[in-house]
Amino acid sequence: MITREIVVSCSNPHVARAAVASIGGDFARQFSREAARHKLSSGMLASRLVSDFARMANDSDWRGVKDAVRGAETPILAGLRHILERGLETEKDEDGYFPSAEEGDSESPSGWQTRNAFAFCRAIGECCA
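Residues numbered from 1 in each chain as written. Predicted model: local features only at pLDDT ≥ 70, side-chain atom pairs only at ≥ 80, totals over all residues. Heavy atoms only, no water.

Observations concerning helix α5 (residues 59-69)
Of the positions making up α5, those classed as buried are D61, G64, V65 and V69. All buried residues of α5 lie within an arc of 130° about the axis, which places them on one face of the element. In α5, the exposed positions that point more than 90 degrees away from the buried face belong to D59 and R63. As for α5, its buried residues are in contact with α1 (2-10), α4 (42-56) and α6 (75-88). Downstream of α5 by a residue or two, G71 has a phi angle that is positive, lying close to 80°. (Buried < 20%, exposed > 50% of the residue type's maximum accessible area, 1.4 Å probe, protein only. Helix = DSSP H or I, 4+ residues; strand = E, 2+ residues; numbered from the N terminus. Arc of directions from axis to C-beta. Contact = heavy atoms within 4.5 Å.)

What follows is the structure, given as structure tokens:
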């Protein structure tokens, strides 16, 4: 049920921002830079990645999160980090955005990864942080 708690809690941008900050270190700094590069707050990017994961993850993706939390000192943060790292692994297209569902669905190793997190921003031309 830890995975459910991650999804429920970290789908909220404010909670997700605090969780990324709690992970801390190089991960939080790099994640925040990546979010800023896309004109998003770290909380907004994290919450979108978590929401996308919840909607589109396959069984292997869910098993990966369960493996990441097993035995971790802070299982919720370990699971969140796993979701966010996997989300950011998706290849970026030439515009610096992750492919949208239409552009990359068959190419993606997993159907959920970050396509939708940035597609909204591209469609409206700006993001709210």
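We are not done yet, so read on.
Some thoughts on the pattern of salt bridges
Within the structure shown, the criterion is met by 7 salt bridges. Of the charged contacts, one joins D26 and R29 as a salt bridge, the two residues approaching to 2.5 Å between their closest N and O atoms. Of this pair, D26 and R29 both sit in helix α3 (residues 25-37), 3 residues apart, which is roughly one turn of the helix. R37 is the partner of E34 in a salt bridge, and the nearest nitrogen-oxygen pair spans 3.3 Å. Of this pair, E34 and R37 both sit in helix α3, 3 residues apart, which is roughly one turn of the helix. Taken together, the shared-partner salt bridges in this structure form one network comprising R81, E85, R86 and E89. (Salt bridge = Lys/Arg side-chain N within 4 Å of Asp/Glu carboxyl O.)

Here's the deal with the packing of aromatic side chains
If you walk through the whole model with that rule in mind, you get 2 aromatic pairs. Each ring, one from F27 and one from F31, has its centre 5.8 Å from the other, and the planes form 25°; the classification is stacked. Here F27 pairs with F31, and both are found in helix α3, just 4 residues apart, close to one helical turn. Their ring planes at 65° and their centres at 4.7 Å tell us that F53 and W62 sit as a pair that is edge-to-face. What makes F53 buried here is its relative accessible area of 1%. (Phe/Tyr/Trp six-rings, centres within 6.5 Å; stacked < 30°, edge-to-face > 60°.)

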